[in-house]
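Residues per chain are reported as follows:
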Amino acid sequence: MTKNESTWWKEKAVYQIYPRSFCDSNGDGIGDIPGIISKLDYLQDLGIGVIWLSPVYCSPNDDNGYDISNYCDIQKEFGSLKDMKKLISEAKKRDIRIIMDLVINHTSDEHPWFIESRKSTDNPYRDYYIWRKGKKNLKNSSKVHQKPPNNWSSFFSGPAWEYDGTTGEYYLHLFSRKQPDLNYQNPKVLAEIKEILKFWLDMGISGFRCDVINVIYKTSLEDGKRRLALTGREHYVSQEGCHKILQELKRSVFSGYNCFTVGETVLVDTSMANDLCSSERGELDMVFSFEHMDTDHINNKWFKTKFKPDKFTKVLTKWQSCLDWNANYLENHDQIRSVSRFGNDSKYHLVSAKMLATLLLTLRGTPFIYQGEEIGMTNAYFSDMSEIKDVESHYVHNLAKKLHFPSSIRWKMIQKSTRDHARTPMQWNSQENAGFSLKGKAEPWLRINSNFRTINVERQTADENSILSCYKKLLVLRNSKKSLLNGSFFALPAPKNTYCFERELDNERCLVLCNLSDSQVKLTKLLQTHIKNGSILYSNYYRTTVKDLSCLDPYEAVILESNKGDAK
Ligand code: TEU
Ligand code: CA
């Protein structure tokens with residue numbers, strides 16, 4: 001393998017597909033693999049090089065596929081292994097590679113391993129999971145009144161342990177109670193995982209997005225010291241045992257294939273992230289961090305605060321500076337829509353979505369575009385809990401009820417932050433159900449966003465000034481400028497609410513200016529000298545020369561190339 005070949009993923013843009021919501025080929029209201037195949041030409045035309053497929057494995061769908069009951073087969077409603085093979089080969093014809101979601105912190109409680117495991121304490125699969133006796137409750141020693149083995153809490157709120165009557169013990173679940181955590185202290189578990197990885201890599205996939213990969217190894221099961229949310233995290237976040245497992249997987253599996261891995265790594269800072277993905281250590285190739293996503297709330301995402309651009313871009317700069325290579329994203333299936341969050345989804349919908357595109361596609365690293373982001377899909381503005389399908393939202397809503405939060409506050413929390421905002425069906429056209437189902441009239445599994453007649457692929461394909469056309473242009477530009485693809489990153493001092501940075505490689509230098517606010521902002525003298533003589537490569541406001549560029553209009557974004565002789 002040449003050096004270039006082994007880092008091909010540095011030059012591609014990735015597109016994330018949430019299969020349930022992308023395209024429904026057979027009219028049952030659920031997206032599927034043949035539906036994805038039917039849209040490959042669209043993705044090729046968009047200019048992406050990799051698809052990240054959220055889980056398509058067999059699953060009882062407690063968490064929409066993130067609870068897997070068979071790792072080596074496809075969920076019936078999504079299609080078959082034959083469809084999956086066709087997807088891989090049809091994508092390859094269009095120079096698109098596929099990476100899959102690897103969810104190995106936990107399985108479904110309906111996975112045969114867990115079905116066996118819960119049968120008896122001496123079952124051969126018992127140690128595939130983490131079982132413990134409850135703590136005796138001193139006030140009452142009967143079994144029913146025992147307490148969970150420790151004070152850890154689940155990511156979805158509430159205790160991380162579930163009592164199982166069959167053997168009278170508890171099992172650990174960091175996510176829903178239908179997602180029991182695997183036990184990586186048992187070497188047999190890793191051996192099984194290796195076989196699963198090889199199964200898919202041999203089929204022709206090009207890597208994995210590794211779900212909550214930095215919490216798979218639990219060093220001890222002692223009580224956590226924190227009293228707030230995610231109690232116990234010091235015993236399982238980015239432990240030495242996890243690093244060893246990742247090194248082992250790279251050495252014995254991934255290094256044998258021309259593939260890459262991106263870890264979804266929760267609660268990491270830049271130094272932990274470097275340990276997980278610096279090339280010398282041989283673990284992951286890059287990681288998704290959450291710090292920039294944590295800048296618009298207090299404590300956790302259910303308590304949103306006003307978006308403060310400078311807080312947000314300061315975090316971006318920190319990650320750009322501390323890591324050699326970032327996995328850049330503004331959206332995914334767990335986050336609300338970026339234009340509704342960091343931009344403006346009403347008056348400035350068009351320009352603000354383009355500004356966010358400019359930011360995403362010019363930072364140093366591999367960009368990840370989430371389905372619908374390329375047409376500026378917005379939050380769904382659901383009307384009540386009956387429209388919400390997400391398991392996490394229901395957990396949190398129930399907890400808030402238990403804590404006697406008034407119903408209006410409970411609903412506000414969900415309405416602002418539910419993951420379902422990102423999961424409404426893709427808006428293809430202005431026909432029935434936004435063209436999500438290629439045939440039939442079945443109700444989609446989640447309500448369509450009511451703005452589909454104005455925001456959809458068909459309209460934007462026909463309009464060269466649309467958000468979609470902007471993504472296409474920016475992806476072409478990115479591929480034609482080595483500084484944007486692989487150049488260094490340097491943030492310039494910039495006025496409040498704006499973000500200005502340079503990308504440079506050899507003699508090529510690009511400058512990116514973004515206004516993240518809805519007011520006009522005057523550029524500093526220093527910036528003005530910087531851009532003098534530059535030529536415009538992209539503007540979301542039809543700007544063609546830098547001549548009058550002394551202010552940035554609301555949500556304005558400009559990419560320019562500094563010409564030789566500029567002040568540095
Ligand atoms: O997400 C992990 C994760 O950290 C999220 O659950 C996060 O806590 C929340 O969604 C945002 O507040 C991954 C998957 O991306 C998610 O869809 C799964 O539900 C989860 O793991 C469990 O597999
Ligand atoms: Ca379907």
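Structure: above.
Now for a look at the structure at hand. No experiment lies behind these values; they were computed from the predicted model shown.

Packing of helix 8 (residues 270-277) against helix 9 (residues 309-322) leaves a shortest axis separation of 10 Å and a crossing angle of 40°. The angle between helix 8 and helix 9 places the two elements in the oblique class. Relative to helix 9, the crossing made by helix 8 is right-handed. Packed against helix 8, whose contacting residues are Thr270, Ala273 and Asn274, the element helix 9 presents Lys318, Trp319 and Cys322 at the interface. Residue composition of the contact of helix 8 with helix 9, grouped by class: three nonpolar, two polar and one charged.

Here we take up the packing of aromatic side chains. Aromatic ring pairs are defined here through the distance separating the ring centres and the angle between the ring planes. Under the criterion given, the structure shown has 31 aromatic pairs. A centroid spacing of 5.6 Å and a plane angle of 10° characterise the contact between Phe114 and Trp131, whose relative ring orientation is stacked. In this pair, Phe114 sits in helix 5 (residues 112-117) while Trp131 sits in strand 6 (residues 131-132), placing the two residues 17 residues apart along the sequence. Like Phe114, the residue Trp131 is buried in the burial classification. For the ring pair Phe155 and Phe175, a centre distance of 4.6 Å and an interplane angle of 20° mean the geometry is stacked. Highlighted residues: Phe155 in the loop between strand 6 and strand 7 (161-164) and Phe175 in the loop between strand 8 (169-172) and helix 6 (187-203), separated in sequence by 20 residues. In this pair, the class of Phe155 matches that of Phe175, namely buried. Taken together, Tyr57, Tyr71, Trp113, Tyr125, Tyr128, Phe199 and Trp200 form an aromatic cluster joined through their ring pairs. The cationic tip of Lys10 hangs over the ring face of Trp325; the distance from NZ or CZ to the ring centre is 4.8 Å.

So, on to the nonpolar core. Tyr15, Leu43, Ile48, Met84, Tyr184, Trp200 and Phe208 are the most contacted members of the largest nonpolar core, which has 161 residues in total. Counting residues in hydrophobic clusters, the runner-up holds 13 residues, among them Leu511, Leu523, Ile531 and Val558.

For the rest of this paragraph, the subject is the sheet that holds strand 1 (residues 14-17). The strand order across the open sheet formed by eight strands is 11-10-9-5-2-1-13-12, and the pairing between neighbours is parallel. Two strands close off the open sheet at either side, each with one partner strand: strand 11 (286-288) and strand 12 (326-329). Direction aside, the axes of adjacent strands within the sheet are offset by 25° on average. Sheet topology places strand 9 (residues 207-210) next to strand 10 (residues 260-264); four bridges connect them, and they run parallel.

Moving on: the packing of helix 6 against helix 7 (residues 240-252). Contact geometry of helix 6 with helix 7 gives a least axis separation of 11 Å together with a crossing angle of 40°. Looking at the two axes, helix 6 sits oblique to helix 7. Considering the relative orientation of helix 6 and helix 7, their crossing is right-handed. Contact residues: Leu190, Lys194 and Leu197 in helix 6; Ile245, Glu248, Leu249 and Ser252 in helix 7. Of the residues contributing to the contact of helix 6 with helix 7, the split by class is four nonpolar, one polar and two charged.

Time to look at the site of ligand 1. Near ligand 1 you find 18 residues, and of these Asp63, His106, Asp211, His333 and Asp334 are the closest. Take Asp334: an N or O atom from its side chain is 2.5 Å from an oxygen atom of ligand 1. Arg419 places a polar side-chain atom, nitrogen or oxygen, 3.0 Å from an oxygen atom of ligand 1. Bound to the protein, ligand 1 loses 93% of the 480 Å² it would expose on its own.

A few words now on the sheet that holds strand 6. Read from one edge to the other, the open sheet built from three strands follows the order 6-8-7, with strand pairing classed as antiparallel. The outermost strands of the open sheet, each flanked by one partner alone, are strand 6 and strand 7. Inspection of the sheet shows strand 7 paired to strand 8 by four bridges, in the antiparallel sense. Counterpart to Glu162 in the pairing with strand 8 is Tyr171.

Within the protein, the atoms that donate to the calcium ion (ligand 2) are Asp24 (OD), Asn26 (OD1), Asp28 (OD), Ile30 (O) and Asp32 (OD), at distances of 2.3 Å. The motif formed by the donor residues of the calcium ion (ligand 2), counted along the single chain, is D-x1-N-x1-D-x1-I-x1-D. Note on accessibility: Asp24 and Asp32 belong to one class, buried.

Let us look at helix 6. Along its 17 residues, helix 6 runs 25 Å from first to last C-alpha, staying within 8% of the 24 Å computed at 1.5 Å per residue. Buried within helix 6 are the following residues: Val189, Leu190, Ile193, Lys194, Ile196, Leu197, Trp200, Leu201 and Met203. At the N-terminal boundary of helix 6, the capping side chain belongs to Asn186, with an oxygen 3.0 Å from the backbone nitrogen of Lys188. Gly204 lies just past helix 6 and shows a positive phi near 115°.

About the cut-offs
- Residues numbered from 1 in each chain as written.
- Chains lettered and ligands numbered in written order.
- Predicted model: local features only at pLDDT ≥ 70, side-chain atom pairs only at ≥ 80, totals over all residues.
- Heavy atoms only, no water.
- Axes fitted to C-alpha atoms, helices over the stretch in contact; angles between N-to-C directions.
- Helix = DSSP H or I, 4+ residues; strand = E, 2+ residues; numbered from the N terminus.
- Parallel < 35°, antiparallel > 145°, perpendicular 65-115°, else oblique.
- Left-handed = near helix turned anticlockwise from the far one by under 90°.
- Contact = heavy atoms within 4.5 Å.
- Nonpolar A, V, L, I, M, F, W, Y, C, P; charged D, E, K, R; others polar.
- Phe/Tyr/Trp six-rings, centres within 6.5 Å; stacked < 30°, edge-to-face > 60°.
- Buried < 20%, exposed > 50% of the residue type's maximum accessible area, 1.4 Å probe, protein only.
- Lys NZ or Arg CZ within 6 Å of the ring centre and 35° of its normal.
- Core = buried A, V, L, I, M, F, W, Y, C linked by side-chain atoms within 4.5 Å.
- Pairing = 2+ DSSP bridges.
- Near = heavy atom within 4 Å.
- Polar contact = N/O pair within 3.5 Å; in protein donor to acceptor, adjacent residues only side chain to side chain.
- Areas by Shrake-Rupley, 256 points an atom, 1.4 Å probe, with all protein chains shown as cover.
- Donors = N, O, S within 2.8 Å, 3.2 Å for Na, K, Ca; no water.
- Expected span 1.5 Å × (residues − 1).

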